[in-house]
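# Tertiary structure, described
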Amino acid sequence: MRLISMHKMEYTYTIIDSDATSNLQLQHYLEEYGDFTCASIARNSDEGLNSILKFSPDIVFVNLNDKASEYFQMAMELNAYITNLPLIIGVSKTKRYAYEAIKNSFFDYWLLPFSEFDIRKSLLRLKKNMPKESKPQTLCLKSYSDFQYLSTEDILYLQADNNATEFFMKDGSIINAFKTLKTFEQQLPKNFVRIHQSYILNTDYVSRINYGRSVCTLKFRKVKLPFSKSYRENIDTLKRILSKNSISALN
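Each residue is numbered by its place in its chain's sequence as written, counting from 1. Given that the model is predicted, a residue must reach a pLDDT of at least 70 before its local features are reported, and side-chain atom pairs must reach 80 or more before they are shown or counted; all residues, however, enter totals for whole chains, interfaces and linings. Working from all heavy atoms in the structure, the side-chain values ignore hydrogens and water.

## With respect to the sheet that holds strand β3 (residues 59-63)
Put simply, the rule reads: A pair of strands is labelled paired if DSSP reports no fewer than 2 bridges between them. The helix count covers DSSP runs of H or I at least four residues long, the strand count covers runs of E at least two residues long, and both are numbered beginning at the N terminus. To obtain an axis, a line is fitted to C-alpha atoms, over the contacting stretch when the element is a helix, and the angle between two such axes runs from 0 to 180 degrees between their N-to-C directions. Only heavy atoms enter the contact rule, under which two residues are in contact if any of them lie within 4.5 Å.
Sheet architecture is open: 5 strands sit in the order β2-β1-β3-β4-β5, paired in parallel fashion. Only two strands of the sheet have a single neighbouring strand rather than two, namely β2 (36-42) and β5 (108-111). Neighbour-to-neighbour, the strand axes of the sheet open up by a mean angle of 25 degrees, direction not taken into account. Most of the contacts of helix α1 (residues 20-31) go to strand β1 (residues 11-16), to which it runs at about 165 degrees, and overall it touches β1, β2, β3 and β5. Contacting β1, β2, β3, β4 (87-92) and β5, helix α5 (residues 116-129) runs over the sheet at an angle of about 165 degrees to β5.

Laid out in structure tokens, this is it:
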């Protein structure tokens, strides 16, 4: 099933499609653009709604050939839960649901089989209408009249300490903040990922993912942080992004 992005300018997307073939074909087209990262894949409207609420993707692709009315209901239901709605693009073999898609404020409507030219035009229009802005790279920790400013690039990872949070920095220092880890999970840029009830790490510094030991290793001082089953999907997405930007040498 929030989708992870290694680059602050990337768009994240969710696909809701019970058809594995069109699903893979769409991912293939989007990979060619380089700045679109898959946050999650769902097979029906319930899974889709859960994915959107969990990962907050920028774009949602919905195959309307199967139970279109449920997907339109899901699109309406999103307004009750989130303020920043994703752009929704409907996909169908016919124009049958086009009018309903317009009524439900879909961003676009694509016909199957996919047209590479139509996809390119649509994605360029999407980028123009929704330009990505870099999030603030400085985090302000406020305690009464004391204001401390941390560059997010200098943060290796965060660790929960009861109702407080410890920031472990590149220079070896540890900075305490009297707020919960969940508070910072919502505020930090997308390259910070929750991997455990007690840890959020800066994915820019991940050098190794060991599934056998359930451990992520960081580049600085070979710090090893555990990841838990409940955050396994975040780890899987992180691995996919790291692998995408790496030269593969399989043993």
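We are not done yet, so read on.
## Let's talk about the packing of aromatic side chains
To be explicit about the condition: Here a Phe, Tyr or Trp ring, Trp counted by its six-membered ring, pairs with any other such ring whose centre lies within 6.5 Å, and the pair is stacked when the planes are under 30 degrees apart, edge-to-face when over 60, and tilted otherwise. For every residue, the accessible area obtained with a 1.4 Å probe (protein chains only) is divided by the maximum for its type, and the residue is called buried under 20%, exposed over 50%, and partly exposed between those limits. Working rule: Lys NZ or Arg CZ, within 6 Å of ring centre, within 35 degrees of ring normal, means a charge sits over the ring.
In the structure shown here, the tally under the stated rule is 11 aromatic pairs. Relative to F61, the ring of Y13 has its centre 5.7 Å away and its plane inclined at 80 degrees; by these criteria the two rings are edge-to-face. Taken as a pair, Y13 in strand β1 and F61 in strand β3 lie far apart in primary sequence, 48 residues in all. For the residue pair Y13 and F61, the accessibility class agrees, reading buried in each case. Relative to F220, the ring of Y205 has its centre 5.3 Å away and its plane inclined at 90 degrees; by these criteria the two rings are edge-to-face. Highlighted residues: Y205 in the loop between β12 (199-202) and β13 (206-210) and F220 in the loop between β14 (215-218) and β15 (224-226), separated in sequence by 15 residues. Residue classification places Y205 among the buried positions, given a relative accessible area of 11%. Classification of F220 as partly exposed rests on a relative accessible area of 29%. Following the ring pairs from residue to residue traces out a cluster consisting of Y13, Y29, F61, W110 and F114. When the ring centre of F107 is taken as reference, the NZ or CZ atom of R125 above it lies at 4.3 Å.

## A few points about unusual backbone geometry
That bond from L112 to P113 is cis: its omega, 0 degrees, falls within 30 degrees of zero. By the secondary structure assignment, P113 is in the loop between β5 and α5. One non-glycine residue, S105, lies in the positive phi region at around 60 degrees. Mapped onto the secondary structure, S105 falls in the loop between α4 (98-103) and β5. Accessibility expressed as a relative area gives 62% for S105, which makes it exposed. Phi at S214 is positive, roughly 55 degrees, even though this residue is not glycine.

## Considering α1
For clarity, the threshold we go by: In this scheme, a helix's expected span is set at 1.5 Å multiplied by one less than its residue total. Working note: the arc is built from the helix axis to C-beta atom directions. For this analysis, a polar contact is any N or O atom pair within 3.5 Å, provided that within protein one partner can donate a hydrogen and the other can accept it, and provided that sequence-adjacent residues contribute only side-chain to side-chain pairs.
The end-to-end C-alpha distance of α1, which contains 12 residues, comes to 16 Å, matching closely the 16 Å that a straight helix rising 1.5 Å per residue would cover. Turning to α1, its buried residues number three or more, namely S22, N23, L26, Q27, Y29 and L30. What you see down the axis of α1 is that its buried residues fit within an arc of 160 degrees, all on one side. What points out from α1, more than 90 degrees from its buried face, is the exposed set A20, T21 and L24. Elements in contact with the buried residues of α1: β1, β2, β3, β5 and α5. Its side-chain oxygen at 2.9 Å from the backbone nitrogen of T21, D19 defines the N-terminal cap of α1.

## A look at the pattern of salt bridges
Cut-off, in case you're wondering: The working definition used for a salt bridge is a side-chain nitrogen of Lys or Arg within 4 Å of a carboxyl oxygen of Asp or Glu.
A full pass over the atoms with the stated rule returns 9 salt bridges. Linking E116 and R120 is a salt bridge whose minimum nitrogen-to-oxygen distance equals 3.3 Å. One end of the pair is E116 and the other is R120, both in helix α5 and 4 residues apart, which spans about a single turn. Residue R120 is classed as partly exposed on the basis of its relative accessible area, which comes to 35%. D236 is paired through a salt bridge with R232; the nearest N and O atoms lie 2.9 Å apart. Of this pair, D236 and R232 both sit in helix α7 (residues 232-244), 4 residues apart, roughly one helical turn.

## A word on the confidence of the model for the protein
To keep things clear, this is the line we draw: Along the chain, pLDDT gives the predictor's confidence residue by residue, from 0 to 100.
In this model, the protein carries a mean pLDDT of 88, and residues with pLDDT of at least 70 account for 92%. The model gives residues 1-8 a pLDDT under 50, and that stretch makes 41 contacts with residues more than four places away or in other chains.

## Let's talk about the packing of helix α2 (residues 45-55) against helix α3 (residues 68-77)
Condition: With respect to orientation, any angle under 35 degrees is reported as roughly parallel, any angle over 145 as roughly antiparallel, any angle of 65 to 115 as roughly perpendicular, and every other angle as oblique. Two helices crossing with the near one rotated counterclockwise from the far one by less than a right angle form a left-handed crossing, whereas a clockwise rotation gives a right-handed crossing. As a working rule, the residues Ala, Val, Leu, Ile, Met, Phe, Trp, Tyr, Cys and Pro are called nonpolar, Asp, Glu, Lys and Arg charged, and the rest polar, with Gly in that last group.
Between α2 and α3, the shortest axis-to-axis distance is 10 Å and the interhelical angle comes to 25 degrees. In terms of orientation, α2 and α3 fall into the roughly parallel class. Judged by the twist between their axes, the crossing of α2 over α3 is right-handed. Residue-level contacts link S45, G48, L49 and I52 of α2 to E70, Y71, M74 and E77 of α3. Tallied by class, the residues present in the contact of α2 with α3 amount to 4 nonpolar, 2 polar and 2 charged.

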